[in-house]
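Residues per chain, in single letters:
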Amino acid sequence: MQTAYYILVILLFLFSVLPKIPSQHWIFRVPDFGKIQVTIIAAFVFFSAFLIQDKIPHFWYYQAFLLFLLIYHSLILIKYTPLYKIKKHIPGKNSSEKIHFISANVYQFNKDYQRFIHLINDCKPEMFLTMESNGSWENALTVLEKNYPFHHKVTLENTYGMHFYSKIKIEQSKTHFFVADDIPTIEAHLKTDDGYKFVFFGVHPPPPSPTEEETSKERDGDLLSTAKRVRQIEKPVIVVGDFNNVAWSKSSILFRKTSELIDPRIGRALVSTFHAKYRLFRFPIDLMFHSEEIFIEDLKTLDNFGSDHLPVFCEFFIDHKNDEQESQIETADFQEKAEAEEMILEGKKESSEREKIATED
């Protein structure tokens, strides 16, 4: 027990300190994903240690350190719970009708197409976005095109294909390849039947990991390029997708400030999505951000349909004449803007060795 205590204290220290080191190598970026688990383990170790305190020299020094870690991580995570109070907004006479969407990383090698189709038919969202959708997924989803006549498809076999389907009219759409010619971002301009216009972005940058990209340079460059593009648009905006990032990371905060968008998880819930099969090791990496004219009514995960990610469901409305969310917008200062530009350039320079046709290992 004494040895286990020391090992856990050291691991908690490493997982807390490594994300603070300004390197984009996966060793320093991945530990930020586990902040929820680090907090829970820190609490468990802190309270369990009282059972063996007589066997641990300098016990109170270690406990004080654990308590510090527990408070530090909790103060960050509490923002993503209902305990952090935010003002609730009620649709008014200037509001649009309620709009719903589902965002889902379907996992390219998941062949259980019908479960996802049933999910869409049951929830009946006005829009849905799929990531990791290849030619086989595109063929399977054609049965939904009768109800979703508007779509934008980027069919790839490298696990970065994306498909966007909508009942709402798409006035124009395009595919961006901000940092690499095999990593797409969808930009779709929509107009509702009641006359409200907005822009939907679908993103899925590559993750930093020992099995994929060695660094987060492409991920960060792609996301910050999207943030810059958002600033050029004067309509309400939603950015949705598998960010392969967590909301409290430095690059996510820089994305939020650069784009001047709002994180709807704040004051609501963490909405953890990956890995779908392992509840104790689940991270909130499927994110969304929105402009101040968009008001979120509901944000939650839905049941697993066979993927390694849980799908995300959102209900929102648009209100151009309500400025109550303006105070939630943070802007990047000069130094942060320069840092964002540097990260975009690094992302474009980064060379990857992704296969054009991915295989399941």
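Quick summary incoming for the structure in this document. (Residues numbered from 1 in each chain as written. Predicted model: local features only at pLDDT ≥ 70, side-chain atom pairs only at ≥ 80, totals over all residues. Heavy atoms only, no water.)

Next up on the list: the overall build of the chain. Within the chain one finds 9 helices and 11 strands. Over its C-alpha atoms the chain spans a radius of gyration of 21 Å, differing by no more than 12% from the 21 Å that the globule rule assigns to 361 residues. Taking the principal axes of the C-alpha coordinates as reference, the chain spans close to 70 × 50 × 45 Å. Taking all 361 residues of the chain together, 55% fall into the buried category. Intrachain contacts of the chain at a sequence separation of at least 6 include 70% that bridge at least 24 residues. (Helix = DSSP H or I, 4+ residues; strand = E, 2+ residues; numbered from the N terminus. Rg over C-alpha atoms; globule rule 2.2 N^0.38 Å. Buried < 20%, exposed > 50% of the residue type's maximum accessible area, 1.4 Å probe, protein only. Contact = heavy atoms within 4.5 Å.)

Another aspect to go through is the nonpolar core. Membership of the largest hydrophobic core comes to 27 residues, with the highest contact counts inside it found for Phe101, Met127, Phe164, Leu190 and Phe316. Considering every element that reaches this core, the biggest residue donor is strand β11 (residues 312-318), with 4 residues. Among the nonpolar cores identified, the runner-up in size contains 19 residues, and Val203, Val237, Val239 and Phe289 belong to it. (Core = buried A, V, L, I, M, F, W, Y, C linked by side-chain atoms within 4.5 Å.)

This paragraph deals with the pattern of salt bridges. Tallied over the full model, the rule gives 15 salt bridges. Glu218 is the salt-bridge partner of Arg354, the closest N and O atoms lying 2.7 Å from each other. Of this pair, Arg354 sits in the segment after α9 (334-349) while Glu218 is found in helix α7 (residues 217-230), placing the two residues 136 residues apart along the sequence. For Arg354, a relative accessible area of 17% corresponds to the buried category. The salt bridge partner of Asp220 is Arg219, with a shortest N-O separation of 2.9 Å. Note on Asp220: relative accessible area 2%, which makes it buried. (Salt bridge = Lys/Arg side-chain N within 4 Å of Asp/Glu carboxyl O.)

This part is about the sheet that holds strand β3 (residues 150-154). Ordered by their spatial adjacency, 6 strands build an open sheet running β3-β4-β2-β1-β11-β10, and the pairing between neighbours is mixed. Two strands close off the open sheet at either side, each with one partner strand: β3 and β10 (294-301). Across the sheet, the axes of successive neighbouring strands diverge by a mean angle of 15 degrees, strand direction being ignored. On the sheet, helix α5 (residues 113-123) packs against β1 (99-105) and β2 (127-131) and is oriented at approximately 170 degrees with respect to β1. (Pairing = 2+ DSSP bridges. Axes fitted to C-alpha atoms, helices over the stretch in contact; angles between N-to-C directions.)

The end-to-end C-alpha separation of helix α3 (residues 35-48) is 20 Å, in line with the 20 Å expected for 14 residues at 1.5 Å each. Its buried side turned inward, α3 meets α1 (2-17) and α4 (59-77). (Expected span 1.5 Å × (residues − 1).)

Read from one edge to the other, the open sheet built from 5 strands follows the order β5-β6-β7-β8-β9, with strand pairing classed as mixed. Each end of this open sheet is capped by a strand with a single partner; those strands are β5 (169-176) and β9 (286-290). The average angle at which neighbouring strand axes cross in this sheet is 15 degrees, direction not considered. Against the sheet, α7 touches β5, β6 (185-191), β7 (197-203) and β8 (237-242), its axis set at about 170 degrees to β7.

Once that is clear, we can look at the environment of Gly161. Mapped onto the elements, Gly161 comes out in the loop between β3 and β4 (162-166). Its relative accessible area of 0% is what places Gly161 among the buried residues. The residues touching Gly161, leaving out its near neighbours within four places in the chain, are Thr130, Met131, Glu132, Ser133, Val154 and Leu156.

Time to look at the packing of α1 against α3. A pair of packed helices can be characterised by two numbers: the angle between their axes and the separation between those axes. Axis separation between α1 and α3 bottoms out at 11 Å; the angle between their running directions is 150 degrees. If you check the angle between α1 and α3, you find them roughly antiparallel. For the crossing formed where α1 meets α3, the hand is left-handed. Only Val38, Ile41, Ala42 and Val45 of α3 make contact with α1, whose side of the interface consists of Tyr5, Leu8, Leu12, Phe15 and Ser16. (Parallel < 35°, antiparallel > 145°, perpendicular 65-115°, else oblique. Left-handed = near helix turned anticlockwise from the far one by under 90°.)

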